[in-house]
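The chain contents come next:
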Amino acid sequence: MLPLLCGFVVGHRYLDITIDSGLIHMLIELMSASISLALAGFFLMRQNLESCSHRFWLALSLLALGTLLGFHALIPTEPLTRYLHTAALVFSSILVVLVWLPVRSVGAVMLRWLPFMVVTASTAAGLMMQVWAADPHVDMYGFLGPVTQHQLNGVSGLFYLLASIKLVLLFKRHQTWSMLWMSVFTTLLGAYAISAYAAGDLDGLWIWHAVRISGLLTLVVYTVSCTSLEFRRLGYASRQLNQSATRFRAITENTSDIIFILGSKGVFTYVSPAAARIAGVREEDLLGHKPGGYTHTEDRQRIFDGLKRAMSRTGESIRVGVIRVRHSEGHWLHLEGVYTAMYDVPGVEGVVLNYRNITDRILSDRALRKSRRQLTTLMGNLPGMVYRCRGDQDFTMVYLNDGVTKLLGYTPEEFLEDRTVTAVDVVHPEDFPYVRTSIWEAVHERRPYQLQYRAICKDGTIKWVWEQGVGLYDEDDQIESVEGFVLDVTERVNAEDKLRRTEYSINSASDAVYWIGRDGSLEDVNETACRILGYTRDELLAMKIYDVSHDLESSEWDTVWNDVKRRGSVLLEGEHITKSGRRFPVEISSNYQEFGGRRFHCSFVRDISERKAAEEQIQLMTQGLEQRVEERTAELQQAQAQLVTSEKMAALGNLVAGVAHEINTPLGIGVTAASHLQQQLDRFQDRYRDKVLSRSEFETFLSTGCETTHMILSNLNRAAELVQSFKRVSVDQSTEDCRRFEVGEYLRETLVSLRPKLKQGGHKLSLDCPDDLDMVSYPGVLAQVATNLVMNSLIHGFENRGGGEIVISIDEQADMIRILYRDDGRGMSVEQVHKIYDPFYTTKRGQGGSGLGMNIVFNQVTQMLGGTIECQSSPNQGTAFVIELPKRIEHTEVKLVGSGIPANV
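Please read these numbers as outputs of a predicted model, since none were measured by experiment.

Draft legend 1. Summary view of the overall build of the chain. When helices and strands are counted, the chain shows 27 helices and 22 strands. Across the 905 residues of the chain, 39% fall into the buried class. In the chain, of all internal contacts separated by at least 6 residues, the share reaching a separation of at least 24 is 57%.

Draft legend 2. Quick peek at the pattern of salt bridges. Enumeration over the complete set of coordinates arrives at 33 salt bridges. For the salt bridge of Asp 477 with Arg 446, the shortest nitrogen-to-oxygen distance reads 3.1 Å. Taken as a pair, Asp 477 in the loop between strand 9 (462–473) and strand 10 (479–488) and Arg 446 in the loop between helix 16 (432–444) and strand 8 (449–456) lie far apart in primary sequence, 31 residues in all. By relative accessible area, which is 44% here, Asp 477 ends up partly exposed. Look at Arg 446 and you get partly exposed, because its relative accessible area is 42%. As a salt-bridge pair, Arg 583 and Glu 575 come within 3.8 Å of each other at their nearest N and O atoms. Overlapping salt bridges, with partners in common, bring together Glu 573, Glu 587, Arg 611 and Lys 612 in one network.

Draft legend 3. Spotlight on the packing of helix 23 (residues 743–751) against helix 25 (residues 779–797). Packing of helix 23 against helix 25 brings their axes to within 10 Å, and their N-to-C directions diverge by 50°. The angle between the axes of helix 23 and helix 25 places the two elements in the oblique class. Judged by the sense of rotation from one axis to the other, the crossing of helix 23 with helix 25 is right-handed. Two secondary-structure elements touch here, helix 23 through Val 743, Tyr 746, Leu 747, Thr 750 and Leu 751 and helix 25 through Pro 779, Gly 780, Leu 782, Ala 783, Ala 786, Thr 787 and Val 790. Per-class residue counts for the contact of helix 23 with helix 25 are nine nonpolar, three polar and no charged.

Draft legend 4. Examining a positive patch on the surface more closely. Among the surface-exposed residues, Arg 366, Arg 369, Lys 370 and Arg 373 lie close enough to one another that they form a single positively charged patch. Among the secondary structure elements, Arg 373 is positioned in helix 12 (residues 359–380). The class of Arg 373 is exposed, set by a relative accessible area of 52%.

Draft legend 5. Expanded view of the pairing of strand 5 (residues 350–357). Where strand 1 (residues 258–263) lies against strand 5, six bridges are found, and the strand directions are antiparallel. Opposite Phe 260, over in strand 5, you have Leu 353 as the bridge partner. Relative to strand 5, strand 4 (residues 332–342) runs antiparallel, the two being bridged by eight bridges. If you follow Thr 340 over to strand 5, its bridge partner there is Val 352.

Draft legend 6. Structural view of the sheet that holds strand 3 (residues 317–326). Ordered by their spatial adjacency, five strands build an open sheet running 2-1-5-4-3, and the pairing between neighbours is antiparallel. Each edge of the sheet is formed by a strand with only one pairing partner; in this case those strands are strand 2 (268–271) and strand 3. Strand-to-strand twist across the sheet, computed as the mean angle between neighbouring axes with direction ignored, equals 25°. As paired strands, strand 3 and strand 4 are joined by nine bridges and run antiparallel to one another. For Ile 323, the partnering residue across the bridge sits in strand 4 and is Leu 335.

Draft legend 7. Molecular detail of a negative patch on the surface. On the surface, Asp 402, Glu 413, Glu 417 and Asp 418 cluster together into a negatively charged patch. Along the chain, Asp 402 turns up in the loop between strand 7 (397–400) and helix 13 (403–408).

Draft legend 8. Highlighting the packing of helix 25 against helix 27 (residues 853–864). In contact at an axis separation of 10 Å, helix 25 and helix 27 are set at 150° when each is read in the N-to-C sense. With respect to each other, helix 25 and helix 27 are oriented roughly antiparallel. Between helix 25 and helix 27 lies a crossing of left-handed hand. Across the interface between the two elements, Val 781, Gln 784, Val 785, Asn 788, Leu 789 and Asn 792 from helix 25 touch Gly 853, Met 854, Ile 856, Val 857, Gln 860, Val 861 and Met 864 from helix 27. Partitioning the contact of helix 25 with helix 27 into residue classes produces eight nonpolar, five polar and no charged.

Draft legend 9. Representation of the nonpolar core in the model. Membership of the largest hydrophobic core comes to 42 residues, with the highest contact counts inside it found for Val 743, Leu 782, Ile 810 and Phe 881. Of all elements in the fold, only helix 23, helix 25, strand 19 (805–813), strand 20 (816–823), helix 27, strand 21 (868–873) and strand 22 (879–886) reach the threshold of two or more residues within this core. Top element by residues in this core is helix 25. It accounts for nine residues. Of all hydrophobic cores here, the second largest spans 29 residues; its members include Leu 407, Phe 415, Ala 442 and Val 443.

Draft legend 10. Representation of the packing of aromatic side chains. For the coordinates displayed, the defined rule picks out 12 aromatic pairs. Each ring, one from Phe 684 and one from Phe 698, has its centre 5.8 Å from the other, and the planes form 40°; the classification is tilted. One end of the pair, Phe 684, is in helix 21 (residues 609–689); the other, Phe 698, is in helix 22 (residues 695–735), and 14 residues separate them in sequence. Overall, Phe 698 belongs to the partly exposed group, its relative accessible area being 36%. Considering the side-chain rings of Phe 684 and Phe 701, the 4.3 Å spacing of their centres and the 10° angle between planes classify their relative orientation as stacked. Note that Phe 684 is positioned in helix 21 and Phe 701 in helix 22, a separation of 17 residues in sequence. The buried category is assigned to Phe 701, whose relative accessible area is 16%. Cluster of aromatic residues (ring-pair linked, three or more members): Phe 260, Phe 268, Tyr 339 and Tyr 355.

Draft legend 11. Quick peek at empty space enclosed by the protein. On inspection of all chains with the given rule, the structure shows five cavities of 30 Å³ or more. Counted as a void, the largest cavity has a volume near 230 Å³. Taken together, 22 residues make up the lining of the largest cavity; nearest its centre are Met 397, Ala 423, Val 427, Tyr 453 and Glu 467. Every element with two or more residues in the lining of the largest cavity is listed here: strand 6 (385–390), strand 7, helix 13, helix 15 (423–426), helix 16, strand 8, strand 9 and strand 10.

Draft legend 12. Quick peek at helix 25. Between the first and last C-alpha of helix 25 there are 26 Å, a value that for 19 residues agrees with the 27 Å anticipated at 1.5 Å per step. Among the 19 residues in helix 25, 16 count as buried, and that is most of the element.

Draft legend 13. Inspection of the pairing of strand 8 at higher detail. Examined bridge by bridge, strand 8 and strand 9 share eight bridges and lie antiparallel to one another. Its bridge partner lying in strand 9, Tyr 449 is registered against Gly 469. Count of turn residues in the strand 8/strand 9 antiparallel hairpin: five residues, of which Gly 460 carries a positive phi of about 95°.

Draft legend 14. Summary view of the side chain of Lys 463. Looking at where Lys 463 falls in the secondary structure, it is placed in strand 9. Here Leu 407 takes part through its backbone oxygen, which lies 2.9 Å from a polar atom of the side chain of Lys 463. Ignoring any residue separated from it by four or fewer positions in sequence, one finds Lys 463 in contact with Lys 406, Leu 407, Tyr 453, Arg 454, Ala 455, Cys 457, Asp 488 and Thr 490.

Draft legend 15. Fine view of unusual backbone geometry. Not every positive phi belongs to a glycine, and Arg 446 is a case in point at roughly 55°. With phi around 60°, Ala 814 is a residue other than glycine that occupies positive phi space. If you trace the backbone, Ala 814 turns up in the loop between strand 19 and strand 20. By relative accessible area, which is 68% here, Ala 814 ends up exposed.

Rules used in this analysis
- Residues numbered from 1 in each chain as written.
- Predicted model: local features only at pLDDT ≥ 70, side-chain atom pairs only at ≥ 80, totals over all residues.
- Heavy atoms only, no water.
- Helix = DSSP H or I, 4+ residues; strand = E, 2+ residues; numbered from the N terminus.
- Buried < 20%, exposed > 50% of the residue type's maximum accessible area, 1.4 Å probe, protein only.
- Contact = heavy atoms within 4.5 Å.
- Salt bridge = Lys/Arg side-chain N within 4 Å of Asp/Glu carboxyl O.
- Axes fitted to C-alpha atoms, helices over the stretch in contact; angles between N-to-C directions.
- Parallel < 35°, antiparallel > 145°, perpendicular 65-115°, else oblique.
- Left-handed = near helix turned anticlockwise from the far one by under 90°.
- Nonpolar A, V, L, I, M, F, W, Y, C, P; charged D, E, K, R; others polar.
- Patch = residues over 30% accessible without salt bridge, like charges linked within 9 Å, V, L, I, M, F, W, Y side chains within 5 Å.
- Areas by Shrake-Rupley, 256 points an atom, 1.4 Å probe, with all protein chains shown as cover.
- Lys, Arg positive; Asp, Glu negative; His and termini not counted.
- Charge placed at Lys NZ, Arg CZ, Asp CG, Glu CD.
- Pairing = 2+ DSSP bridges.
- Core = buried A, V, L, I, M, F, W, Y, C linked by side-chain atoms within 4.5 Å.
- Phe/Tyr/Trp six-rings, centres within 6.5 Å; stacked < 30°, edge-to-face > 60°.
- 1 Å grid on protein atoms, 1.4 Å probe; cavity = no way out; pocket = protein on both sides within 12 Å on 5 of 7 lines; lining within 4 Å.
- Points joined across faces, edges and corners; volume = space filled by probe spheres on them.
- Expected span 1.5 Å × (residues − 1).
- Polar contact = N/O pair within 3.5 Å; in protein donor to acceptor, adjacent residues only side chain to side chain.

Here it is, written out as structure tokens:
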């Protein structure tokens, strides 16, 4: 159609041929429609929804443009043709401006049918225009309302230009030249539409039709260039395919692998020459036949299963394992097969069966496994560990027999596969430098090595091992590996060590040791015997036992020998003679021994000269010591009584401090309130004298006075109550009278004095006691017990910490009262719990602690109050005391307990 238009233009220009302008317009519109539809099809076929959504919207725009321009060319009725032209611009511009909207937001279902919907809508628009053209009564201007055709052309131009801007932005971002071509197209069509709006009618302006055609031809040039590039790529791919086929043929015909192609009919269509070279089977004996003819009957099912899996997974390589194939000479070959289905590959169109001959490898593996099995059996029967390691600094293991489990407790896999254990982990850290240095020196000097060191087992035990090994070297005379053997020599080392210790102990003992033979000869002596007697070892071994014993005659030796043999061991005293003739008393412990086919007396001789002298002195000192003990006991009792008094005064000091703190608060408030009332009274008196006192000021003064006097009175009453309660507590603690009292109320009054110390450390104390629970006992003693327990928690339990909590729970059980005192402090060890009631036992020795606090508590509970106390504690778990007291006790006289402390303290 483009050459036809060119011919019309040339004839009109140079041959003066008159051309119907309507025909030219129809040809231009048909050409524009055909180009638009062709381009739309091109872009739709190349659409990629994920990355090039702009092509999709451009294709829809071209569909609408081509469809409506086609109707425009086929409908010559005026003014309908202009309406179709405007509708084409409007439809296509609306769709192309959607390049600002991603395709994915449209939806999958709508996206699939959107091109069809565009064509349908455009066709419906064309048909409606035809109907309106046949009906002269249709008023198009009335249908369009106030919007004119020229205005719609202008809006379409703006839409095209907006799409052009988006495409330029995409070009700058992605540097894709297709977007630049599309932006040129939309720019030209936008210019054309805006010109139609500005000029009012473009039928006579051929230059603007040329602009529109140029925009479409821009995309045509782009499509032609893309198609040309793809054809060049296709040609290159075809050449590559031919080269690949040539290479494949060269490889398959010269490879050592056997390659078959099993066609769609289940028979061989290709057999590589390697089948004849390896299996001795000719190509004509296999072509046209089904697989399995030369395969072992047990392996045929494996072939069929492999073919079935390969056919179900086209293009995937399926390994079928090892199959046995009979050679033409009768022996069996082991082939490893891989099947690949290639039905869509021209020239193949079947399943490719690739077999590799691994017969030599199978036979070698069998021989190697047999050799390893024999070697493993040999290694497994050895009593120690056999190893092979690399020649690196860490001696990385590459082989270990099962003996490592018996020796060290580790499995070979922990060294070889998991690599969780290395030689560094099993050699004792103190011995590792010696082991590594010794092995490296021996390896570099190319000599065997023998070592003895400590090894750490998996359970943490330590064994002594003996190791012997040698280095192995490669062709370049470089260290390749180290092989060796390790034995457990713990028993031998311990025996040798024990023997050395025994020998050293005997020679270093303070007692002389004699090994005496049947005839009385000295078979062996230690160094102490030589030193005490003044003889050399050789001199003593040449003597008899009765030569050094003053009270033993040679004629008595047989009797002594038989007596010791009969009794097994004897202990007696005697006298020995030194080389210089000095006699000294000795204590002799003689034992009868038999070993090695020989019989001995093993005698331990101790010089008891000092002991004899000490015994004499002890006899002289015994009488004086008894008298001094009595004197010290009286002094100790007096000192204990003084310390108890000090403890009691310390408790009273705490009470006084608590009284001062508690009474100070209400008195301070009362003083402040009184001072305030005095100021208000003075001010009121001044106002009254000046005769300026108002009724409201008088009422305010009365209100303030009532409140202040009420505050003074309530705080003074509170102070009086505190003084009264403290008076009762102090009287109880000083008089020790037995009376009836309410337990809960009394203890609350007692513990008030400890509030300052509790607040100072941020500690809490709670008391849980039933109302009206009374008892007949010594309230002062009970108060001192509670005070000592709380102070003990503050000093010891909450040391160096704050926020402690003390809970005292009291309940009634028959005729007994049970008091549970517990804190959440640092607790005590078992040893401390056992000693807590001992007098003078304290963990604050030198820090002001006397060690009598809990001893006093114990005596007061068990003696004065007639009850029991039990301590329960563990480290970091707090401390609890369980006290059980009778509800009523009779007054008892003061008496002393076993520790010497008055029971009523």
